[in-house]
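Residue-level structural notes
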Amino acid sequence: MHCLVVKLSVVRAREVNRVIEVHGGEHARTVGSHKRYRVSGNNTTASTAVPQHPGDIPPGTLRKIQKDLEPALGRKWLL
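Keep in mind it's a predicted model, so treat the numbers as computed, not measured. As a convention, each chain's residues are numbered from 1 in the sequence order in which they are written. Selection of residues for local features in this predicted model requires a pLDDT of at least 70, selection of side-chain atom pairs for listing and counting requires 80 or more, and totals for whole chains, interfaces and linings are taken over all residues. To obtain the side-chain values, all non-hydrogen atoms of the structure were included, while hydrogens and water were left out.

Notes on the pairing of strand E2 (residues 26–31)
Worth spelling out the cut-off: Strands were regarded as paired on the criterion that DSSP finds at least two bridges between them. A run of H or I in DSSP counts as a helix once it spans at least four residues, and a run of E counts as a strand once it spans at least two, with each numbered from the N terminus.
The pairing of E2 with strand E3 (residues 34–41) spans five bridges and is classified as antiparallel. Considered in E3, the bridge of Arg 29 is made with Arg 36. Where E2 folds back onto E3 in an antiparallel hairpin, the turn is made up of two residues, including Gly 32, whose phi is positive at roughly 65 degrees.

Considerations on the pattern of salt bridges
When the charged atoms of two side chains lie near each other, side chains of opposite charge can form a pair. To keep things clear, this is the line we draw: Only one rule defines a salt bridge in this text: a Lys or Arg side-chain nitrogen within 4 Å of an Asp or Glu carboxyl oxygen. Relative accessibility under 20% of the residue-type maximum defines a buried residue, over 50% an exposed one, and the middle range a partly exposed one, all with a 1.4 Å probe and only protein chains included.
Under the definition given, this model contains three salt bridges. Salt-bridge contacts for Asp 56 lead to Arg 12; the nearest nitrogen and oxygen are separated by 3.8 Å. In this pair, Asp 56 is assigned in strand E5 (residues 56–57) and Arg 12 in strand E1 (residues 11–12), connecting sequence segments 44 residues apart. Classification of Arg 12 as partly exposed rests on a relative accessible area of 41%. Of the charged contacts in the structure, one is a salt bridge between Glu 26 and Arg 38, with a shortest N-O distance of 3.6 Å. Taken as a pair, Glu 26 in strand E2 and Arg 38 in strand E3 lie far apart in primary sequence, twelve residues in all. Classification of Arg 38 by relative accessible area gives partly exposed; the value is 38%.

Regarding the pairing of E3
As paired strands, E3 and strand E4 (residues 44–51) are joined by eight bridges and run antiparallel to one another. Across the sheet, residue Tyr 37 finds its bridge partner in E4, namely Thr 48. In this antiparallel pair of consecutive strands, E3 and E4, the connection spans two residues, and Asn 42 shows a positive phi of 50 degrees.

Shown next as structure tokens:
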């Protein structure tokens, strides 16, 4: 499993996209400045939106992305 951050600190959207894709996520579509990802696993499908704004993604947004994909990837998959 790839480690993105020890504690959910600020990271770039590019890094989050890469980790989701490494875990089997597929880019479903782009809506405005957000990429929608779909991930299948644990007999379920989960989806989330990753903002593609310049700069870092705030910790609260990272927690939401992690929580959205938890049903398919398991707990603490982003760590």
